[in-house]
Amino acid sequence: MRSVSLLAPGKINLYLEIIGDRPDGYHSLVMILQSINLADELQIYLNGTNQIRVTCHHPQVPQNQDNLAYRAAALMQKQFPDLADNYGGLDITIDKHIPVAAGLAGGSANAAGVLVGINLLWNIGLVQAELQELASMLGSDIPFCISGGTAIATGRGEQLDTIPPLDNLWLVLAKYNSIAVSTPWAYKTYRQLYHQEYVNDTASLEARATHIHSGPLVSAIQEKNGTEIGKLLHNDLEKVVLPEYPLVNELREICQNAGGKGTMMSGSGPTVFTLCESQVEAEAIKQKIRATIANPDLELWVTQLCSHGIKLKPQN
Ligand code: C5P
C-alpha cells in the first residue's frame, strides 16, 4: 500500500469538569466526549523522500512542524526508526472541514489520523490501545480521536471508558470565523480564578470519576434521551471564556433561545452547539439563528453525532 485516505471526525464535549491540578502542569478532568460527523479528510502517501510534507489550503493551518499532523508523523519516525528508513518520508494532505481553533479537536483528529494511517502504511500492526498510548504523548484529546464514539475521559483526558454510542441526535454548530480561543489561556485563567475549589487527593479524584460513571448524564446517554442529555450538558470553561468574549456569550444565548434540547460551548470554545432530535429541527434552528444574527462572520453547520473515530474513507 502506498497511500491511505481517512476520515477524521471532530468532537464536542457533552461534559467538561475541571477537578484539580496535576504534577505535570495539566488539569485533572472529567469529561464526556462525543464524535461528530463533521470530519476532515486526510490523504497520506509514501513520498519516496526522507521528508514529512504537510499540505493544507486552510489559511489558519500551519504546513510546517507546528502542525500536529506533522508532529504525529515525526513521532512515528522516532518510535520506529528502521521502518522510517525503510519506507521513507510522507506527504500528508489535509482537507479541512472541521473549523480551526474551535474547541472541536480538529488538529487532534488530524494527528490521530496520521498515527492510524502510518500504522497501516508501514504495516506495523499496533492495536488501538498502543496507538492511543502514542497519541497521549502528542495531546490530551488525541487518544479519544482515534477510537471516537462516546466516551468518559478522565486523567488529562487521555484515560477513556467507552460508553454506548449516541448517534441519534443532531447538532447545530455556531462559530464566529474570526474568534479563536487559546486553550492554554482558558485553563490558566480558570486556575487563577478557581484554584481554591480544586481537589487533588486520590480519593476525591476517584469519587468525581465514579460520580460521572453512575450519574444521570451517562444514564440519559444510555437511554438516548435527548431531552435529559440537553438539560445535563456542562462545561466549566464557559465560566472563563464567556465573560471574556461577549459575542460568544450572546451567541450562546441566541442559540439557546432558538430551541433544541440544550446549548453549550464545546471544549475551550468558541464553538457553541445546540443538540437537536432531528435534522429537520437542526435546520430550522440554524435558519432562526441566521435570521437573528446577520453578521457574515458567523458560520453555522448542521451535523449528526457519530459513533466512530478515525476510519478509512469509503471508496466512491
Ligand atoms: O493536551 P493539549 O496540548 O491538547 O492541551 C492544550 C493545553 O490545554 C495545555 O497546554 C494545557 O494548557 C491545557 N490543558 C490542561 N489540562 C488538560 C488538558 C489541557 O491544562 N487536562
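Structure's up top.
These numbers come from a predicted model, not from an experiment.

K.L.:
What am I meant to see in the sheet that holds strand β7 (residues 170-176) here?
P.N.:
Backbone-to-backbone hydrogen bonds join strands into a sheet, with any given pair of strands oriented parallel or antiparallel. Read across the sheet, four strands follow the order β9-β10-β7-β11 without closing on themselves; strand pairing throughout is antiparallel. At either end of the open sheet lies a strand with only one pairing partner, and these are β9 (262-265) and β11 (298-304). Looking at each pair of strands side by side, their axes are set apart by 20° on average, direction ignored. Direction of pairing for β7 relative to β11: antiparallel, over a ladder of seven bridges.

K.L.:
Would you mind going over the packing of aromatic side chains with me for this structure?
P.N.:
The description of an aromatic ring pair rests on the distance of the ring centres and on the angle between the ring planes. A full pass over the atoms with the stated rule returns four aromatic pairs. Aromatic side chains Tyr 87 and Trp 122 sit 6.2 Å apart centroid to centroid with 10° between the ring planes, which places their arrangement in the stacked category. Here Tyr 87, found in helix α2 (residues 81-87), pairs with Trp 122, found in the loop between α3 (106-121) and α4 (128-136); they are 35 residues apart in sequence, far enough to count as distant. With 6.0 Å between their ring centres and 85° between their planes, Trp 185 and Tyr 245 make a pair best called edge-to-face. Residue Trp 185 is located in helix α6 (residues 183-194), and its partner Tyr 245 is located in the loop between α10 (238-244) and α11 (246-257); the two are separated by 60 residues in the primary sequence. With a relative accessible area of 25%, Trp 185 lands in the partly exposed category. A connected cluster of aromatic rings, assembled from ring pairs, spans Tyr 190, Tyr 194 and Tyr 198.

K.L.:
Would you mind going over a nonpolar patch on the surface with me for this structure?
P.N.:
A contiguous nonpolar surface patch, about 310 Å² in accessible area, is contributed by Met 1, Leu 120 and Leu 312. Along the chain, the position of Met 1 falls in the segment before β1 (3-21). By relative accessible area, which is 61% here, Met 1 ends up exposed.

K.L.:
Can you help me understand the site of the ligand in this one?
P.N.:
If you check the shell around the ligand, you find Tyr 26, His 27, Leu 29, Gly 139, Ser 140, Arg 156, Thr 183, Pro 184 and Tyr 187 and nothing else. Note that an oxygen atom of the ligand is positioned 2.6 Å from one of the side-chain N or O atoms of Ser 140. Take Arg 156: an N or O atom from its main chain is 2.8 Å from a nitrogen atom of the ligand. Here the ligand loses 76% of its free accessible area of 450 Å² to cover by the protein chains. Looking at the shell around the ligand, the elements that each hand over two or more residues are β2 (27-46) and α6. Per element, the largest residue contribution to the shell around the ligand is three residues, and it comes from α6. Across the shell around the ligand, the residue classes break down as four nonpolar, four polar and one charged.

Conventions used here
For every chain, the first residue of its written sequence is number 1, and the numbers climb from 1 along that sequence. Reporting in this predicted model follows two pLDDT cut-offs: at least 70 for local features of residues, and 80 or more for side-chain atom pairs to be given and counted; totals over whole chains, interfaces and linings ignore these cut-offs and use all residues. The basis for every side-chain value is the complete set of heavy atoms in the structure, and neither hydrogens nor water enter the calculation. Being paired, for any two strands, means DSSP has found at least two bridges between them. Secondary structure counts use DSSP, requiring at least four H or I residues in a row for a helix and at least two E residues in a row for a strand, with both numbered from the N terminus. Working convention: axes come from line fits to C-alpha atoms, limited for helices to the stretch in contact. Angles between N-to-C directions cover 0 to 180 degrees. Note on ring pairs: Phe, Tyr and Trp rings are taken, using the six-membered ring of Trp, and paired if centres are within 6.5 Å. Classes follow the plane angle, with under 30 degrees stacked, over 60 edge-to-face and the rest tilted. For every residue, the accessible area (1.4 Å probe, protein chains only) is compared with the maximum for its type, and the residue is labelled buried under 20%, exposed over 50%, or partly exposed between those bounds. Patch construction takes residues with relative accessible area above 30% that form no salt bridge. Like charges are linked within 9 Å, and nonpolar side chains (Val, Leu, Ile, Met, Phe, Trp, Tyr) are linked within 5 Å. Here the Shrake-Rupley method, with its probe set to 1.4 Å, supplies the accessible areas, and only the displayed protein chains count as covering residues. By salt bridge we mean one thing: a side-chain nitrogen of Lys or Arg within 4 Å of a carboxyl oxygen of Asp or Glu. In these notes, residues near a molecule or strand are those with any non-hydrogen atom within 4 Å of it. Between N or O atoms, a polar contact is any pair within 3.5 Å; within protein, one atom must be a potential hydrogen donor and the other a potential acceptor, and residues adjacent in sequence are included only when both atoms are from side chains. Residues were grouped as follows: Ala, Val, Leu, Ile, Met, Phe, Trp, Tyr, Cys and Pro as nonpolar; Asp, Glu, Lys and Arg as charged; and all remaining residues, including Gly, as polar.

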